[in-house]
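# Geometric and topological summary
Given next are the chains, with one letter for each unit.
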Amino acid sequence: MHARAALFDLYGDHLRSRGGQATVAALVRLMKPLEIAAPAVRTAVSRMVRQGWLRPLRLPRGAGYGVTPKCVRRLDEAALRIYRSGTLTWHGRWHLIVFEPVKDRPRRERLRADLTFLGYASLSETAWIGPRSSAELDNLLETEGVRADRFDAALEGDPRELVARAWDLAAIGEAYEHWHAEAVTLISTLPEGAPADQVFATRSRLVHGWRNFLFRDPGLPPELLPPGWPGEKARAYFEQEAARLLPAAAAFVDRELM
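Residues numbered from 1 in each chain as written. Predicted model: local features only at pLDDT ≥ 70, side-chain atom pairs only at ≥ 80, totals over all residues. Heavy atoms only, no water.

- The name an unreviewed UniProt entry gives the protein chain is PaaX family transcriptional regulator, with Nonomuraea cypriaca as the organism.

Following this line, the structure appears as structure tokens:
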């Protein structure tokens, strides 16, 4: 796990519900069970500040960092899909985005990565489609300086054909099966009565692996997925083990934040 990704996981999984802030010393302590050294933590934090995800704070226990509004939107969007912490509904319509070609390559690649994270797929270079609109979309387009026309669209045709063209469901399904096998192995290596820091590390790795699906799986409605979709079995295992390990992991976080 890279330090930046691990910090996003930490803020989203634990710190968001604890005020969204922590001292630098606490962040270093919390990253130690993941074998991420202090210099890597500080470098990642500095990068996240430059990118607008974190802001420096003066906390009672020393210098620290808190989430920005931009970060809150990203964490809440992720939590909605990771933990089903809200209602993801589909009414048979699609959210279509059409924008002018982006000539600057770095900006174009950032836009592509962020739209994919938000659940959109490319129909062409300038047309993207998703099963629902994203609360993050306005901020993303404004940040990248892209003006887009947006449509709440009804498809004339079979939505399954559109899904098959826009997303590689076979590859996503195989990724779920691979993740599930690795997750079972990960959990099986955690001994009974393991110390809280070890539980925290194991759960963090479980969550990190699952969170990666945000960049692959758009969260399509069940009626558009193949029968026996591997993602459901994987999700059931994730939710079971994440919940089982949470009390000990949360106790470790609370202890290190003191």
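## Observations regarding the packing of helix 5 (residues 105-117) against helix 6 (residues 137-144)
- Two elements in contact, helix 5 and helix 6, have axes separated by 11 Å at closest approach and are oriented at 175 degrees. What the angle tells us is that helix 5 and helix 6 run roughly antiparallel. Note on element contacts: helix 6 touches helix 5 through Leu137, Leu140, Leu141 and Glu144, opposite Arg107, Arg110, Leu111, Asp114 and Leu115.
- Looking at the contact of helix 5 with helix 6 residue by residue, the classes come out as five nonpolar, no polar and four charged. (Axes fitted to C-alpha atoms, helices over the stretch in contact; angles between N-to-C directions. Helix = DSSP H or I, 4+ residues; strand = E, 2+ residues; numbered from the N terminus. Parallel < 35°, antiparallel > 145°, perpendicular 65-115°, else oblique. Contact = heavy atoms within 4.5 Å. Nonpolar A, V, L, I, M, F, W, Y, C, P; charged D, E, K, R; others polar.)

## Thoughts on the UniProt feature "domain: Transcriptional repressor PaaX-like C-terminal" (unreviewed entry) in the protein chain
- As recorded in UniProt, the feature "domain: Transcriptional repressor PaaX-like C-terminal" (unreviewed entry) lies at residues 167-254.
- The span residues 167-254 is 69% helical and 0% strand by assignment, and the distance between its end C-alpha atoms comes to 40 Å. (UniProt positions renumbered as here; feature names shortened; annotations may be inferred.)

## A few points about the packing of aromatic side chains
- On inspection of all chains with the given rule, the structure shows 11 aromatic pairs.
- Judged by centre distance (5.2 Å) and plane angle (80 degrees), the ring pair of phenylalanine 8 and tryptophan 53 falls under edge-to-face. Here the residue phenylalanine 8 occupies a position in helix 1 (residues 3-13), and tryptophan 53 occupies one in the loop between helix 3 (38-50) and strand 2 (54-59), the gap between them amounting to 45 residues.
- A relative accessible area of 14% means that phenylalanine 8 is categorised as buried.
- By way of ring pairs, the aromatic residues Tyr176, Trp179, Trp210, Phe213, Trp229 and Phe238 are connected into one cluster.
- Positioned above the aromatic ring of tryptophan 53 is the side chain of lysine 70, whose terminal nitrogen or guanidinium carbon lies 4.2 Å from the ring centre.
- Here arginine 74 stacks its cationic end above the ring of phenylalanine 117, 4.1 Å away from the centre of that ring. (Phe/Tyr/Trp six-rings, centres within 6.5 Å; stacked < 30°, edge-to-face > 60°. Buried < 20%, exposed > 50% of the residue type's maximum accessible area, 1.4 Å probe, protein only. Lys NZ or Arg CZ within 6 Å of the ring centre and 35° of its normal.)

## A word on the nonpolar core
- Core analysis: the largest hydrophobic core is formed by 48 residues, its most contacted members being Trp94, Phe99, Leu115, Trp167 and Trp179.
- Among the elements that make up this core, the one with the highest residue count is helix 8 (residues 169-188) (seven residues).
- Filtering out sequence-adjacent residues up to four positions away, tryptophan 179 remains in contact with Leu206, Gly209, Trp210, Phe213, Ala234, Tyr237 and Phe238.
- Leu7, Leu10, Met31 and Ile36 belong to the second-largest nonpolar core, a separate cluster that totals 31 residues. (Core = buried A, V, L, I, M, F, W, Y, C linked by side-chain atoms within 4.5 Å.)

## Observations regarding the pairing of strand 2
- One ladder, built from six bridges, connects strand 2 with strand 3 (residues 62-67); its direction is antiparallel. Looking across to strand 3, one finds that leucine 57 is bridged to glycine 64. (Pairing = 2+ DSSP bridges.)

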